[in-house]
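Topology and contacts: notes
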Amino acid sequence: MEITLGPAKSIVGTFDVPGDKSISHRALLVASIADGVSSLHNLLQAQDPESTIRCLRSLGVKITRNGETTEVYGQGLNGFRRPTADLDAGNSGTTMRLLSGILAGQPFESTITGDESLRNRPMQRVVDPLTRMGAVISSQKGKPPLTIQGKNPLDAISHTLQVPSAQVKSAILLAGLFAEGATTITEKVITRDHTERLLNLPVRTNEEGRTITVVGGTRIPPFTIVVPGDISSAVFLICAAALVPGSDIVIRNVGLNPTRTAVLGILTNAGLQLSVERTSHQEPEEYGDIRVKFGPASRPIDLDSAVVPQIIDEIPALAVLAAASGVECSVRGAGELRVKESDRVSLLVRNLRSIGVPAEEAGDGFSFERAVITSGRVQSGGDHRIAMAFALAGLRGGAEITIDEAEASEISFPHYWGVLESFQKR
Ligand code: S3P
C-alpha cells in the first residue's frame, strides 16, 4: 500500500495514542507465567503484540479479549506446554528476545523464528548469557531461528550488559526467574526499565551503574495493569502539530516513565513548545498529558552516544522533524539503528536524499545541513517507524510525499494513516 501526504490544515484537539508497545509485550509475557488470571487494559492491539500472543497461545496460554481488556490465564512458572510447531515472532525483536529468556528455563526444546527482517537481526547478545545460564541454543550464525533446549533450573549469573539493550536485560531477568539463586544484571547505560517495574525487582545504583537482582523461583501474583499510551507513537503527533501552523493539541495518558522521556527534552531544546500536564502514577508506570503548540524546530538536533540509547526509537521522527523544520541534524553513536526492523541509518539517508535533503551517511549515524524538502517517493522498507516518520515530511507545505509499503505502521500504530489523512488540507 502506498500513501501520499501533502500540506495539513491546523491540527487541533485531543488525541489518544495506542498502548505502549514495550509494556504490552512485557505485560503479556509476565502475565503468562503468573499464578492466575491477569487483566491488561489498553494493551496495544497491533501486529507486534499479536506476535507475542500467538507465541504464548502455542505454549498453551489462554488469552481472551473483551473490548479493551485482555485476560491472560497465567500458567505459573512451570506450566507451559511444549509447542507442536515453530514459534513465529513475526517482525518483533522484543517477542523473540524476551520469550527466549522464558524458553531457556523450560524443560523442553522449542524453536523461535520470525519474518525476513527479524531473521536478519542479531541474537548472539541473548544467546551468550542464556547459554551461560545453562540453556543450549543453536542459531544461524547468531541470527534466528533460535532452537532452545531449556534447562530447569537454570544457573544464576552475574552479567554486565555489553550493548545497552532493554531487550537483552529483560531476557536475562525473565530467565533469572527460572534459575537457582539470585541473578544480577548491571547496566552502565540506563535502558527502559519496564520489566523490573512489572516484576517489582530491587534496583541498586552506584558508580558501576544500575544493578537489578532477580531471585529464581519467585512466584508472580496475577495483576491488573492499564497500559499507558506509547510515547514513541506520541512523538509522531507531537512533530506533526509542531510543524503545522495554528496547531494546538493535547495527547492524553501518555507513558512518562523517565527512561523513555528523554525525547521530550530533545524536542524542547530544539525549540518545540511542549508542556506536560496532569501527571499521575498508577503502578507500575507514570502517565501524563502532553500539550504541543505550533512551532517547528528552531535549533539543530545533535544526538550522540550519551543520549542515543534513551531515544533510539524516536530517531527517525527527530530526523524528519529537523529536515522539515529546516534545521541541521547530526546523529552519531547510533550503530544500533542499523540492526532495528531495517537498517535505519541507510534507509533514512536514502529517503532523505529522495526528498531533497542531502544527508551524509556514517558508520554509526548520519547528518545533514539545512535543506528544503521537495516532493518525492520514499521506501518504508517494511519498517513501521520509517514509514510513519516520512509521513511528517510534507505536512508543513510545499511538497507531496509518497510512502511505499505504508502498511508497516500496523506493527505499532494501526490507525496512523487515518489520523494523518484527517489532517490533510485536500
Ligand atoms: C525495546 C528496546 C529497544 C527498542 C525496541 C523496544 C524493548 O531495543 O529499540 O523498539 O521493548 O525492550 P533494544 O533492547 O534492542 O535496544
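The residue numbers shown here count from 1 along each chain, following its written sequence. With the structure being a predicted model, the display of local features is reserved for residues of pLDDT at least 70 and the display and counting of side-chain atom pairs for 80 or more, all residues being used for whole-chain, interface and lining totals. Only hydrogens and water are set aside; all other atoms, that is, all heavy atoms of the structure, feed into the side-chain values.

Here we take up the pairing of strand β13 (residues 182–187). Successive residues of a regular strand alternate their side chains across the two faces of the sheet. Of all 6 residues in β13, 5 are buried, a share of seventy percent or more. Pairing between two strands requires that DSSP report at least two bridges joining them. Put simply, DSSP H or I for four residues or longer makes a helix, DSSP E for two residues or longer makes a strand, and each gets a number counted from the N terminus. Alignment of strand β11 (residues 158–160) against β13, held across 3 bridges, turns out to be parallel. Within β13, the position partnered with S158 by the bridge is T184. Both β13 and strand β15 (residues 209–215) contribute to a ladder of 6 bridges, which runs antiparallel. Bridge assignment links T186 to a residue of β15, and that residue is T211. A simple rule labels every residue: compare its accessible area, found with a 1.4 Å probe on the protein chains alone, to the largest value its type can have, and call it buried under 20%, exposed over 50%, or partly exposed in between.

A cavity here means a set of points on a 1 Å grid, drawn over the protein atoms and nothing else, where a 1.4 Å probe fits but cannot get out; a pocket is an open set with protein on both sides within 12 Å along at least five of seven lines, and a residue lines either one if it has an atom within 4 Å of a point. Grid points are joined across faces, edges and corners, and a volume is the space filled by probe spheres set on the points. Volume-wise, the largest pocket comes out at about 530 Å³. Lining the largest pocket are 36 residues, and of these P164, R192, I312, D313 and K340 lie nearest its centre. Elements supplying a minimum of two residues to the lining of the largest pocket: α1 (21–32), α3 (93–103), α5 (166–176) and α9 (308–311).

Close to the ligand lie S22, R26, T94, R97, P164, S165, A166, Q167, R192, I312, D313 and K340. Distance and chemistry together define a polar contact, namely a pair of N or O atoms within 3.5 Å, with one atom able to donate a hydrogen and the other to accept it when in protein, and with adjacent residues in sequence counting only for side-chain atoms on both sides. Here S165 contributes a side-chain N or O atom positioned 2.6 Å from an oxygen atom of the ligand. Only the protein chains shown count as cover for residues, and all accessible areas are computed by the Shrake-Rupley method using a 1.4 Å probe. In isolation the ligand offers 380 Å² of accessible surface; the protein chains occlude 94% of this area. Of all elements in the fold, only α1, α3 and α5 reach the threshold of two or more residues within the shell around the ligand. What makes a residue near a molecule or strand is one non-hydrogen atom of that residue sitting within 4 Å of it.

Moving on, we get to the packing of aromatic side chains. Pairing of aromatic rings covers Phe, Tyr and the six-membered ring of Trp, with a centre-to-centre limit of 6.5 Å; geometry is then stacked below 30 degrees between planes, edge-to-face above 60, and tilted otherwise. On inspection of all chains with the given rule, the structure shows 4 aromatic pairs. Measuring from ring centre to ring centre gives 5.7 Å for F236 and Y416, while their planes differ by 65°; the resulting arrangement is edge-to-face. With F236 in helix α7 (residues 231–243) and Y416 in helix α13 (residues 416–422), this pair connects stretches of sequence that are 180 residues apart. Judged on exposure class, the residue F236 and its partner Y416 are both buried. Ring pairs connect the aromatic residues F236, F413, Y416 and W417, which therefore count as one cluster. Here the basic side chain of K62 rests over the ring of Y73, its NZ or CZ set 4.3 Å away from the ring centre. As a reminder, the over-ring test applies to NZ of lysine and CZ of arginine, requiring each to be within 6 Å of the ring centre and within 35 degrees of the ring normal.

This part takes up empty space enclosed by the protein. Under the definition given, this model contains 1 cavity of 30 Å³ or more. Empty space within the largest cavity amounts to approximately 40 Å³. Lining of the largest cavity is provided by D20, I23, H194, I231, G255, L256, N257, R260 and E285. Three classes are used, and their members are as follows: Ala, Val, Leu, Ile, Met, Phe, Trp, Tyr, Cys and Pro are nonpolar, Asp, Glu, Lys and Arg are charged, and the others, Gly among them, are polar. Considering only residue class, the lining of the largest cavity consists of 3 nonpolar, 3 polar and 3 charged.

To continue, consider the environment of A182. Along the polypeptide, A182 turns up in strand β13. Considering only alpha carbons, one finds A182 and V214, 32 residues apart in sequence, at a separation of 5.6 Å. Those residues in contact with A182 that lie beyond four places of it in its chain are A156, I157, T213, V214 and V215. Note on contacts: a residue pair is in contact if any heavy atoms of the two residues lie within 4.5 Å.

The next subject is the environment of I137. Note on placement: I137 falls in strand β8 (residues 136–140). Since its relative accessible area comes to 15%, I137 is described here as buried. Separated by 271 residues in sequence, I137 and A408 place their C-alpha atoms 30 Å apart.

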